[in-house]
Amino acid sequence: MKLIFLSIAWGLSITIPISLAQLCYRGWQQVRRLHQIPCSRCDYFSNNPYLKCPVHPDRACSLGALDCTDFQLATK
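Residues numbered from 1 in each chain as written. Predicted model: local features only at pLDDT ≥ 70, side-chain atom pairs only at ≥ 80, totals over all residues. Heavy atoms only, no water.

> Pulling in residues and values, what's your account of the overall build of the chain?
Assigned secondary structure in the chain consists of one helix and zero strands. Its C-alpha radius of gyration of 22 Å places the chain more than 25% over the 11 Å reference for a compact globule of 76 residues. In terms of overall dimensions, the chain has C-alpha extents of about 70 × 20 × 20 Å along its principal axes. By residue count, 12% of the 76 residues in the chain fall in the buried class. Sequence-distant contacts in the chain: of pairs separated by 6 or more residues, those separated by 24 or more amount to 61%. (Helix = DSSP H or I, 4+ residues; strand = E, 2+ residues; numbered from the N terminus. Rg over C-alpha atoms; globule rule 2.2 N^0.38 Å. Buried < 20%, exposed > 50% of the residue type's maximum accessible area, 1.4 Å probe, protein only. Contact = heavy atoms within 4.5 Å.)

Here it is, written out as structure tokens:
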């Protein structure tokens, strides 16, 4: 019986840190991807909560904006 509890304890002590490390890594990758969204640097970006982009309002400030063909670097 002690062997079963010992093996469960070792299994948990190995799996939990590995799972937490994987979770942190996936979160870090997602944050890096979100920081690549170019909307705030675009000339068409208005920073209006109702209409952020008049050209593509459906994908402004989202992952869909990563490949925006109408991106113009802001000259302001």
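> Any chance you could break down the pattern of salt bridges for me, citing the residues and the numbers?
Should the charged atoms of two oppositely charged side chains come close, the side chains can pair. Considering all chains together, one arrives at one salt bridge under this definition. The closest approach of N and O atoms between R59 and D67, which form a salt bridge, is 3.9 Å. (Salt bridge = Lys/Arg side-chain N within 4 Å of Asp/Glu carboxyl O.)

> How would you summarise empty space enclosed by the protein if you had to cite specific residues and measurements?
On inspection of all chains with the given rule, the structure shows one cavity of 30 Å³ or more. Counted as a void, the largest cavity has a volume near 120 Å³. If you trace the largest cavity, you find 13 residues lining it, with C39, C42, C53, A65 and C68 closest to the centre. Of the residues that constitute the lining of the largest cavity, the class distribution is ten nonpolar, one polar and two charged. (1 Å grid on protein atoms, 1.4 Å probe; cavity = no way out; pocket = protein on both sides within 12 Å on 5 of 7 lines; lining within 4 Å. Points joined across faces, edges and corners; volume = space filled by probe spheres on them. Nonpolar A, V, L, I, M, F, W, Y, C, P; charged D, E, K, R; others polar.)

> Explain the packing of aromatic side chains to me, and be specific about the residues and the numbers.
Enumeration over the complete set of coordinates arrives at one aromatic pair. Taken together, a centroid distance of 6.0 Å and an interplanar angle of 45° make the contact between Y25 and W28 tilted. Of the two residues, Y25 and W28 both sit in helix α1 (residues 2-34), three residues apart, roughly one turn of that helix. (Phe/Tyr/Trp six-rings, centres within 6.5 Å; stacked < 30°, edge-to-face > 60°.)

> How would you explain a nonpolar patch on the surface if you had to name every residue and give the values?
Judged by side-chain polarity, M1, I4, F5, I8, L12, I16, L20 and L23 come together as a nonpolar surface patch covering roughly 850 Å² of accessible area. Looking at the element boundaries, I8 is found in helix α1. The exposure class of I8 is partly exposed, given its relative accessible area of 45%. (Patch = residues over 30% accessible without salt bridge, like charges linked within 9 Å, V, L, I, M, F, W, Y side chains within 5 Å. Areas by Shrake-Rupley, 256 points an atom, 1.4 Å probe, with all protein chains shown as cover.)

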